[in-house]
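# Coordinate analysis (summary)
Listed here are the chains, written in short residue letters.
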Amino acid sequence: MRFLTLIAIFVASGVHAKGLDRPIPQAQSATAEFWFGLACISLVAALVAVQQLVSRR
């Protein structure tokens, strides 16, 4: 009986899990897009350089 009383108190107290509030992604700024593009170009250039180095050996 005590167990049922504890459950009733828990339910009545309003202690429930909240629903998931998903974060809203922010748009990228022009500066962020510039640096991302520069990083992509640098990565491709580095991969080409490594390919040239490896193919010579």
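Residues numbered from 1 in each chain as written. Predicted model: local features only at pLDDT ≥ 70, side-chain atom pairs only at ≥ 80, totals over all residues. Heavy atoms only, no water.

Helices and strands together make up the secondary structure of the protein chain, namely two helices and zero strands. Burial statistics for the protein chain: of 57 residues in total, 0% are counted as buried. As presented, the protein chain carries roughly 5900 Å² of accessible surface, and 69% of it is formed by carbon and sulfur atoms. (Helix = DSSP H or I, 4+ residues; strand = E, 2+ residues; numbered from the N terminus. Buried < 20%, exposed > 50% of the residue type's maximum accessible area, 1.4 Å probe, protein only. Areas by Shrake-Rupley, 256 points an atom, 1.4 Å probe, with all protein chains shown as cover.)

Moving on, we get to the packing of aromatic side chains. Geometrically, a pair of aromatic rings is defined through the distance of the ring centres and the angle of the planes. Scanning all chains against the criterion turns up one aromatic pair. Ring centres of Phe 34 and Trp 35 lie 5.2 Å apart, and the angle between their planes is 70°; this geometry places the pair in the edge-to-face category. For Trp 35, a relative accessible area of 52% corresponds to the exposed category. (Phe/Tyr/Trp six-rings, centres within 6.5 Å; stacked < 30°, edge-to-face > 60°.)

Structural measurements only, silent on function.
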